[in-house]
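Observations on the model geometry
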Amino acid sequence: MGKLIVVGDRVLISPDSGERETRSGLVLPASIAEKENVRSGRVITVGPGYATANPEFSEGDIWKETEKAVRYLPLQAQPGDFAFFLARDSVDITYDEEQYIIVPHNAILALVRDDADDILNQIDKSNDLEQID
């Protein structure tokens, strides 16, 4: 098989194993866990982002270097993130004998990132530095 390319604002997720343990120690099988409204899994790859018009593109200027008519705004999700997303918006697929879920970026509720290099985290760190000085 060829390479799987995720398009637009879609995110490819490897689903969580499905089994969950309740606070009291009861283990719920995957068939029960899948009926919940929120699912989770590890982000494998993301699409190019949200398509927007390129303001520098002009069909009339033949002498200009070719510009693409579309630009993409990148997505917040990154490969390696752990995502919580709405189950109703997800699509289960099998590719190369592996189970995956494709989710639109707007269905992702929260991300857990091991190395928190998110812009909000960077802002919080800069605010902490200002308070120390």
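The structure this text deals with has already been given above.
Everything quoted here is computed from the prediction, not taken from an experiment.

Conventions adopted
Residues numbered from 1 in each chain as written. Predicted model: local features only at pLDDT ≥ 70, side-chain atom pairs only at ≥ 80, totals over all residues. Heavy atoms only, no water. Helix = DSSP H or I, 4+ residues; strand = E, 2+ residues; numbered from the N terminus. Buried < 20%, exposed > 50% of the residue type's maximum accessible area, 1.4 Å probe, protein only. Contact = heavy atoms within 4.5 Å. Areas by Shrake-Rupley, 256 points an atom, 1.4 Å probe, with all protein chains shown as cover. Pairing = 2+ DSSP bridges. Phe/Tyr/Trp six-rings, centres within 6.5 Å; stacked < 30°, edge-to-face > 60°.

So, on to the overall build of the protein chain. From N to C terminus, the protein chain includes 2 helices and 10 strands. From first element to last, N terminus to C terminus, the protein chain shows the α and β order β-β-β-α-β-β-β-β-β-β-β-α. Burial statistics for the protein chain: of 133 residues in total, 24% are counted as buried. Residue pairs at least 24 apart in sequence account for 68% of intrachain contacts in the protein chain once pairs closer than 6 positions are excluded. Carbon together with sulfur atoms contributes 52% to the accessible area of the protein chain, which is approximately 9800 Å² in total.

The next thing to look at is the pairing of strand 9 (residues 98-104). Every other side chain in a regular strand lies on the same face of the sheet, so the side chains alternate between the two faces. Direction of pairing for strand 1 (residues 10-15) relative to strand 9: antiparallel, over a ladder of 4 bridges. Bridge pairing links V11 to V103 in strand 9. Inspection of the sheet shows strand 8 (residues 91-95) paired to strand 9 by 5 bridges, in the antiparallel sense. Of the residues in strand 9, the one forming a bridge with V91 is I102. The hairpin formed by strand 8 and strand 9 contains 2 residues between the paired strands, and D96 there has a positive phi angle of roughly 55°.

A few words now on the packing of aromatic side chains. On inspection of all chains with the given rule, the structure shows 1 aromatic pair. Each ring, one from F82 and one from F84, has its centre 5.3 Å from the other, and the planes form 75°; the classification is edge-to-face. Here F84 falls in the partly exposed class, since its relative accessible area comes to 32%.

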